[in-house]
Amino acid sequence: MTIARALLLSLSLAGAALLTGCDTVGYYYQSVTGHLSLMAQRQPIDDAIASARDAHNDKLATRLEDAKRIRAYASRELGLPDNGSYRVYANLKRSFAVWNVFAAPELSVKLKEWCFLVVGCVTYRGYYDRSAAMAYAETLRAQGLDVDVAGIPAYSTLGYFDDPLLNTFVNLPEGELARLIFHELAHQVVYAKGDTAFNESFATTVETIGVERWLVQEATPAVREEYALYDARRVQFRALLLDYRNRLEALYASPAPDDEKRTAKRAIFASLQADYAKLKASWGGYTGYDRWFAQPLSNAHLGAVVSYLQWVPAFTALYQRDGRDWARFYADVKAMAREPKPQREAALTVLTPPAAPSKEAQKVTSSQ
């Protein structure tokens, strides 16, 4: 998920003005005020449960009880920070915590980066107000960029604040709720400034391993079955997007003239839509990803896929090499985060297992 710009509370807006100009100060201001407004709505989880019971909202009360169990498990079994995060609750009365703006050039899937004091460079720009995010997105489109505005249900403040459970995600299925809490707490363990792929891949690895253990040790058979179906669809969805991102990357790297690339780009996105329709049919008409495919898709939509997945095989291999010991694993990842980015990526590349041969390659091999 996204890292909160509210970490910039420690900065003087006047000082930022001298360094970066008024437009950036305005952005910092909305980040700080938006985050403070969110934090002001927190209440202890037990109070929130009691209020939900009083209001006869048994569904929310039950889900908050589930969150308490998940939160305790995260520190007890996964070695994640034992602090006040996700032990408070806030109802924001909106669908998402923030809206992130992603952008990429017309003929590239490499996302634009924005650099900030404290958190470094990241591949998105977050807003607490959707209309502000949409307005900024239009300025980027006017520059000829492909743009995506994505609603984000949760974010991490890296342990600087007690991050709350939010109405934007607390009603997720139990396994999904566990996955999200483990992911966000993982961001509090380690953060490599200016390396989105490292940070998100690490958190995705922790969430994946963590939820597998949670399901075995804590969940009912019904919850395990529900999650298995949900996760299988997500894996197929991500694989579809990654495949088409790679197709676009190969197209843009080719020597074809730009006009030919534009034509091929449109064909690739049309093919993506057609393949999603087939995938949806194989799911029996499940509509969970319809909203994503209903929007005009662009490079920006596919550019973020690799950030969450790029180094997951490497981190998984490291976890196994460390004997599935969370303390050793976290210590090794922290040491890696302290290295310069080139050395960090080199170490992750060494850890990455060889990719399985494609079906096409297997056919060639079997025919020889």
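Cut-offs used in this document
Residues numbered from 1 in each chain as written. Predicted model: local features only at pLDDT ≥ 70, side-chain atom pairs only at ≥ 80, totals over all residues. Heavy atoms only, no water. Salt bridge = Lys/Arg side-chain N within 4 Å of Asp/Glu carboxyl O. Helix = DSSP H or I, 4+ residues; strand = E, 2+ residues; numbered from the N terminus. Buried < 20%, exposed > 50% of the residue type's maximum accessible area, 1.4 Å probe, protein only. pLDDT = per-residue confidence, 0-100. Contact = heavy atoms within 4.5 Å. Pairing = 2+ DSSP bridges. 1 Å grid on protein atoms, 1.4 Å probe; cavity = no way out; pocket = protein on both sides within 12 Å on 5 of 7 lines; lining within 4 Å. Points joined across faces, edges and corners; volume = space filled by probe spheres on them. Core = buried A, V, L, I, M, F, W, Y, C linked by side-chain atoms within 4.5 Å. Expected span 1.5 Å × (residues − 1). Axes fitted to C-alpha atoms, helices over the stretch in contact; angles between N-to-C directions. Disulfide = S-S within 2.5 Å.

Draft legend 1. Summary view of the pattern of salt bridges. Applying the stated criterion across every chain, the model contains 24 salt bridges. For Asp 66, the salt bridge is made with Arg 63, and the minimal N-O distance between the two is 2.4 Å. Taken together, the residues span about one helical turn, with Asp 66 and Arg 63 both in helix α4 (residues 58–78) at a distance of 3 residues. The exposure class assigned to Asp 66 is buried, which follows from its relative accessible area of 9%. Given the relative accessible area of 15%, Arg 63 is considered buried. A salt bridge links Arg 141 to Glu 138; the shortest N-O distance between them is 2.7 Å. In this pair, Arg 141 and Glu 138 are both assigned in helix α5 (residues 130–141), 3 residues apart and thus about one turn of the helix distant.

Draft legend 2. Highlighting the confidence of the model for the protein chain. Taken over all residues, the pLDDT of the protein chain has a mean of 89, while the share at 70 or more is 90%. Put simply, helix α1 (residues 13–20) is where the protein chain has its lowest mean pLDDT, 36, and helix α14 (residues 326–337) is where it has its highest, 98. Contacts for the low-pLDDT stretch residues 357–368, under 50 throughout, to residues beyond four places or in other chains number 1 contact.

Draft legend 3. Quick peek at the sheet that holds strand β2 (residues 43–44). Strand order in this open sheet of 3 strands is β2-β3-β10, and the pairing throughout is mixed. Both edges of this open sheet fall to β2 and β10 (165–166), since each of them pairs with a single strand only.

Draft legend 4. Inspection of the layout of surface pockets at higher detail. Computed from the structure, the largest pocket encloses a volume of approximately 1800 Å³. Sort the elements by how many residues they give to the lining of the largest pocket and strand β8 (residues 146–152) lands first, with 7 residues.

Draft legend 5. The arrangement of the nonpolar core in detail. Leu 80, Phe 182, Phe 202 and Phe 329 are the most contacted members of the largest nonpolar core, which has 88 residues in total. If we ignore the near neighbours within four places in the chain, the residues touching Phe 182 are Ile 70, Tyr 73, Ala 74, Leu 78, Leu 80, Val 206, Glu 207, Gly 210, Val 211 and Trp 214. Counting 21 residues, the second-largest nonpolar core is a separate cluster that includes Tyr 244, Leu 251, Trp 292 and Leu 297.

Draft legend 6. A look at the pairing of strand β4 (residues 98–104). Within β4, 7 of the 7 residues are buried, which leaves it mostly tucked inside the rest of the structure. Side-chain alternation along β4 places Val 98, Asn 100, Phe 102 and Ala 104 on one buried face and Trp 99, Val 101 and Ala 103 on a second face that is also buried. With 7 bridges connecting them, β4 and β8 associate as antiparallel partners. Along β8, the bridge assignment pairs Asn 100 with Ala 150. In this sheet, strand β7 (residues 125–127) lies alongside β4 in antiparallel orientation, the contact comprising 3 bridges. Pairing of Val 101 across the sheet is with Arg 125, part of β7.

Draft legend 7. Main features of helix α8 (residues 221–253). The end-to-end C-alpha distance of α8 is 47 Å, a good match for the 48 Å that 33 residues give at a rise of 1.5 Å each. Of all the positions in α8, only Val 223, Tyr 227, Arg 233, Arg 234, Phe 237, Leu 240, Leu 241, Tyr 244, Arg 245, Leu 248, Leu 251 and Tyr 252 are classed as buried. Looking at the buried positions of α8, the neighbouring elements they touch are α6 (174–189), α7 (196–217), α9 (258–282), α10 (290–294), α11 (299–303) and α12 (305–309).

Draft legend 8. Geometry of the sheet that holds β7. In spatial order, the strands read β7-β4-β8; together these 3 strands make up an open sheet with antiparallel pairing. Looking along the sheet, the strands with just one partner apiece sit at the ends: β7 and β8. Between one strand axis and the next, the sheet turns by 25° as a mean value, whatever way the strands run.

Draft legend 9. Molecular detail of the state of the cysteines. With the rule as written, the count across this model stands at 1 disulfide. Paired by a disulfide, Cys 115 and Cys 121 hold their sulfur atoms 1.8 Å apart. Judged by the sign of its S-S torsion, about 100°, the bond between Cys 115 and Cys 121 is right-handed. In this structure Cys 115 comes out as exposed when scored by relative accessible area, which is 51%.

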